[in-house]
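Breakdown of the fold
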Amino acid sequence: MTPPMRVSTLVAVVLLDWAALGLTIGLLPGISASSGWAVLLAAVVLGALGAALRPVAAVLVTRIGWAGVFLGWLLSQAVLVYLALSVTPGLHVTGFWPAFWASWVYGALVSGGLWVVTAGQPEMVTRHLLRVNRRHRRAAAASDVPGVVMIQIDGLSAPLARMAMSTGALPTLNRWLRTGSHTLAEWYAELPATTPASQAGLLHGASAQVPAFRWYEKESGRLIVTNHPRDSALVESRLTDGRGLLADGGVSVSNVFSGDAPTSLLTMSTVGTPRAPGRPARFLGAYLIDPFGLTRSLFLTMGEIVKELYQARRQRLRRVEPRIPRTASYVLLRGLTNVLLRHLNLSLIAEHMMRGAPSIYCDFVDYDEIAHHAGPARPEALASLEGIDSVLATLEELAPAAPRPYHLVVLSDHGQSQGATFLQRYGVALEDLVRQLSAAPGRGVVVAPEDEQAGRARTLRAGLLPKRDDPAGAAPAGTSAGASPNQPGEGTGVAAAASGDGRPELVVAASGNLAMVYLARHPGRMTLEEIGQQHPALLAGLIEHPGIGWVMVRSRGLGPVVLGRAGRRVLTDDRVEGDDPLTGCGPLAAADLCRHDALPHVGDLLINSVVDPQTQEVAAFEELIGCHGGLGGWQNRPVLIHPAAWPVDTELIGADAVHRQLVQWLEQLGQRAGRLDQSAPAPDQPAPAPDQPAPAPDQSAGPGSPGGAARPAARSGSSGG
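Calculation criteria
Residues numbered from 1 in each chain as written. Predicted model: local features only at pLDDT ≥ 70, side-chain atom pairs only at ≥ 80, totals over all residues. Heavy atoms only, no water. Phe/Tyr/Trp six-rings, centres within 6.5 Å; stacked < 30°, edge-to-face > 60°. Helix = DSSP H or I, 4+ residues; strand = E, 2+ residues; numbered from the N terminus. Buried < 20%, exposed > 50% of the residue type's maximum accessible area, 1.4 Å probe, protein only. Pairing = 2+ DSSP bridges. Axes fitted to C-alpha atoms, helices over the stretch in contact; angles between N-to-C directions. Contact = heavy atoms within 4.5 Å. Polar contact = N/O pair within 3.5 Å; in protein donor to acceptor, adjacent residues only side chain to side chain. Arc of directions from axis to C-beta. pLDDT = per-residue confidence, 0-100. Patch = residues over 30% accessible without salt bridge, like charges linked within 9 Å, V, L, I, M, F, W, Y side chains within 5 Å. Areas by Shrake-Rupley, 256 points an atom, 1.4 Å probe, with all protein chains shown as cover. Salt bridge = Lys/Arg side-chain N within 4 Å of Asp/Glu carboxyl O. Parallel < 35°, antiparallel > 145°, perpendicular 65-115°, else oblique. Left-handed = near helix turned anticlockwise from the far one by under 90°. Nonpolar A, V, L, I, M, F, W, Y, C, P; charged D, E, K, R; others polar.

A separate point is the packing of aromatic side chains. The final tally for this structure, using the stated rule, is ten aromatic pairs. When the centroid spacing of 5.2 Å and the interplanar angle of 70° are considered together, the rings of Trp97 and Phe100 count as edge-to-face. Of this pair, Trp97 and Phe100 are both found in helix α4 (residues 96-117), three residues apart, which corresponds to roughly one turn of the helix. Overall, Trp97 belongs to the exposed group, its relative accessible area being 54%. These aromatic residues form a ring-pair network of at least three members: Tyr82, Phe96, Trp97, Phe100 and Trp101.

Shown next, in the form of C-alpha cells:
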C-alpha cells in the first residue's frame, strides 16, 4: 500500500513548486506573469503535463537509442515548461530558449527545496518510485513465493557496523536488530579480502578463481585487473557453471560478476556483452528524463562534491593522521557513487521488485569509496552509511506493494583496515623496494596500475554509454586507458617494462596491504631456493624491512613457508620455528594461507605489510588510508544481517560458505529448482589470447537450470520451477 503523504508535506511541496516557478520567472528575462495565481496554475499544469507525457517520452527516446535518451533528458523538462507557460492564462514566454533555461533554474530550486522539505521522510521517495512503477506492478503476476533482495554494503566490517548502529548512522538496521526481525552474523573473508574474490564466492561459489584484485598470468603474459569489464568477463567465464546465486530469474545490479542472472545491469562482467539481455537502456529512459531522477541526482551530486571539499579541508586544518591527498578525480567520483549511482541503483531495484523478480543482488559502494580515502571510521565515512540506510528504509516501505512478499538481507564482501601507507611511512613504494633489492636491470620491475575506484566510473560509463568499437569500455589488460597494448614505454601495464623476450623481469601487483611478486620470465611458481640464486638480496631484504610483516614463498623441500624477521612457519605441517610471523593475523591465518597458496596464478612471493599489534593498523601498498586485500585489522571481518527466523547451518568461513547458505535459504523459500551440487568445482576455462575479446558470460540459465528435483515446498508461481 502506498504510504500516506503528510498533509503538511503535501502543502509544503505545492508551495515549493509555486515559489520555485515564481522565482524562476522573476529571475529570467523572456517570461512574465500577470499574477501569483497564474504562476500557481502554471505549476499545476506543469505537474499534470509531466505525469501524462513523461511515460510516453521515456518509451520514445529509449527506442531512438542513447542519443535520444540524452536529448530527452536535456530537452524534455524544457519542452514541458514551454508548453505549461504557453497554455496557462496570464503567462507569457517569448520563445523556447527562455523556457529551456527556466527549466534548469526551476529544477535546481525544486531539487534543493525538496531536499529540505523531505529530509528524514523517505516516504516521499517511496511514493515517487511506486508512481513511476505502477505499470510494472499491474502487469506482474502475483506470487506467494517470497523474494529476496540482497544489499551489499561494500567494505563494511562487522565491528564497524555495530559501531555505526550505536552512533545512529544505521537507524533502520539498528531497528531491525532491536526488534528481533533480523540477526547480525560475522563471517570470515578469506584471502584476498577484495570485492572480486568475495563476489566470485558470494554469487558463484567459486572464489578460488580470484587470487587477488589484480594478478599476472605467466602462461599468457597477461595482467588481469578485475575492475576492467573485459577482464571481469574473462574471469566470470572461468568461474560460472550457469547455476549461480541469481540464475533462477534473478537480477544483478552494479556488481563485479553477474551470479548468472538473466537480467544484469551495470555489472562489470556483462556491460560489454553485445545485445545481452538486461541492457540498461530500456530501464533507464524514465529515470533519465524524470526530474526526480537524473536532474535531481545531478544537483545533489554537486552538493556532495562541495561537502567533500569541505571535509577534506577540515582534515587538513585539523591535521588528522593518517590521511592522503583527496584528488580532483576522487572528488568527482565520490559525487557519482554517493548520489548518482546510489539513486540509480535504488530505482533499478524498485522497478524489479515491482516486476516481481525472485532475487535481486546489488552492491552499494558509497561507504567503501569514502573509507578508502578518509579512513574506515572517520566521520564522513560513517555519514555515508546514512544514505545506504535510507535506501534500506525505502525498500522496506516498497516491499508491501510488490507482487510477492520480499525479505531483505544485508551483507558485506569484506571490511577495511586503516593505516598510513607504506610509501608514507618509509618513503619508498614497494615496487621501488623490490627494484632496489632485485638483480633486475634498469626498468625490469613493473607494477600493476592502481585504479580500483576508476573501475566503478568505467563500469558506469560502459553501462550507460557503451562504445561500439570497444563494448567493454576498457583498455586491454596490461595497459592503461588510452595506451596501446604491447607497446614498450606506454601506459602502466606489464608491457611498459618489457625487454628482449617481451616480458619484464618482475611484476608487482598490490591489493591493499597484500602484494604478489612474479618473476615473469620463469614458468610456473619459482621456489625459495631458485629465487635465492637468481636474486640473492631480494628475500632477505624484504623480510628485514620494518614495513613487511611476512613473506610467503614455496620451498622445494618444505612446501609453502611464511618467513618473518625472527622466525618462520612451515604450513605443510604447521610448524613454527622461532617467532611466529603470523602473530596478530588471527587464528585462521595459517589455514587461509594454505588455501591461497593452492590457487591458480598466485605470485612467486606473497607479501603482507606489518600489522601494528596495538592499533591493528596496516600499511597499504596502495595510496589508500583504508584498505583491504590481506591480513590484519577488520578487513577479514564482513557482516551478514538476515531474518532472524533463518538458521545459519555452519560457521561461515569464506565467501563460498556464505554462497551455500544463501542458496539454502532460497531453496527453503521455494525459489530454486533443487539444491545445487556444491561439490562440483566451477569449470576452469583457458584464457583467450591477450588480443582477443573475452567470451561473454552465459546468461541463459533460468528456471530450467539443473540441480535436482523440485522441492516439495515449492509452490506454483515460483521462479525456480
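After presenting the structure, the write-up continues.
Here we take up the sheet that holds strand β10 (residues 406-411). The seven strands lie next to each other as β4-β21-β10-β3-β9-β7-β8, forming an open sheet whose pairing is mixed. Each end of this open sheet is capped by a strand with a single partner; those strands are β4 (182-186) and β8 (263-265). Sheet twist, expressed as the average angle between the axes of neighbouring strands with direction ignored, equals 15°. Pairing analysis gives two bridges linking β10 to strand β21 (residues 639-643), with the strands arranged antiparallel. Across the sheet, the residue bridging to Val410 is Ile641, located in β21.

On the basis of which strands lie adjacent, the open sheet formed by eight strands has the order β12-β13-β14-β19-β15-β16-β17-β18 and mixed pairing. The two strands at the open ends of the sheet, each matched to only one other strand, are β12 (445-447) and β18 (575-578). Here the average twist between neighbouring strands, direction ignored, is 20°. Along the sheet, helix α21 (residues 589-597) contacts β14 (514-519), β15 (548-555), β16 (559-564), β17 (567-570) and β19 (605-609); its crossing angle with β15, the most-contacted strand, is approximately 50°.

Turning our attention to the side chain of Ser258. Structurally, Ser258 can be placed in the loop between β7 (251-253) and β8. We classify Ser258 as buried; its relative accessible area is 0%. Reaching out from Ser258, the side chain makes a polar contact with the side chain of Glu236 at a distance of 2.5 Å. A polar atom in the side chain of Ser258 sits 3.1 Å from the backbone nitrogen of Asp260. For Ser258, the residues in contact, after removing those within four places along its chain, are His204, Glu236, Leu246, Ser252, Ser264, Thr267, Ser269 and Thr270.

Below, the discussion takes up the pairing of β10. When a strand is regular, its side chains alternate between the sheet's two faces. The buried count for β10 comes to five of six residues, which makes it a mostly enclosed element. Bridge count for strand β3 (residues 147-153) against β10 is six bridges, and the pairing is parallel. Bridging from a neighbouring strand, Ile151 pairs with Val410 of β10.

What follows deals with the side chain of Asp366. Mapped onto the elements of the fold, Asp366 is located in helix α14 (residues 366-374). Other than its neighbours up to four places away in sequence, Asp366 contacts Thr337, Asn338, Arg342, Ser384 and Ile388.

Every buried residue of helix α8 (residues 171-179) is listed here: Thr172, Leu173 and Trp176. Down the axis, α8 shows its buried residues gathered within 100° of arc, on one side only. Check the buried side of α8 and you find it contacts β3, α7 (158-167), β4, α15 (379-398), β10 and β21. A positive phi of about 85° marks Gly180, the residue just after α8.

Below, the discussion takes up the pairing of β3. For β3, the buried fraction is high: seven of the seven residues fall into the buried class. Because side chains alternate across β3, one face comprises the buried residues Gly147, Val149, Ile151 and Ile153, and the other comprises Val148, Met150 and Gln152, equally buried. Relative to strand β9 (residues 359-364), β3 runs parallel, the two being bridged by six bridges. What sits directly across from Val148, in β9, is Ser359.

Taken as a whole, the protein shows an average pLDDT of 81; of its residues, 75% reach a score of 70 or greater. Note on residues 466-500: pLDDT under 50 across the span, and 62 contacts to partners over four residues away in sequence or across chains. Of the regions scoring below 50 in pLDDT, residues 675-721 engages in 101 contacts with residues more than four places distant in sequence or in other chains.

Let us look at a nonpolar patch on the surface. Together, Leu75, Val79, Tyr82 and Leu83 line one region of the surface with nonpolar side chains, adding up to about 270 Å² of accessible area. On the secondary structure map, Tyr82 appears in helix α3 (residues 66-87).

Here we take up the packing of helix α5 (residues 123-132) against helix α13 (residues 328-355). Packing of α5 against α13 brings their axes to within 10 Å, and their N-to-C directions diverge by 55°. Here α5 lies oblique to α13, going by the angle between them. When the axes of α5 and α13 are compared, the crossing they make is right-handed. Side by side, α5 and α13 meet where Val125, Leu129 and Leu130 of the first sit next to Leu346, Ser347, Ala350 and Met354 of the second. Here the contact of α5 with α13 is built from residues that sort into six nonpolar, one polar and no charged.

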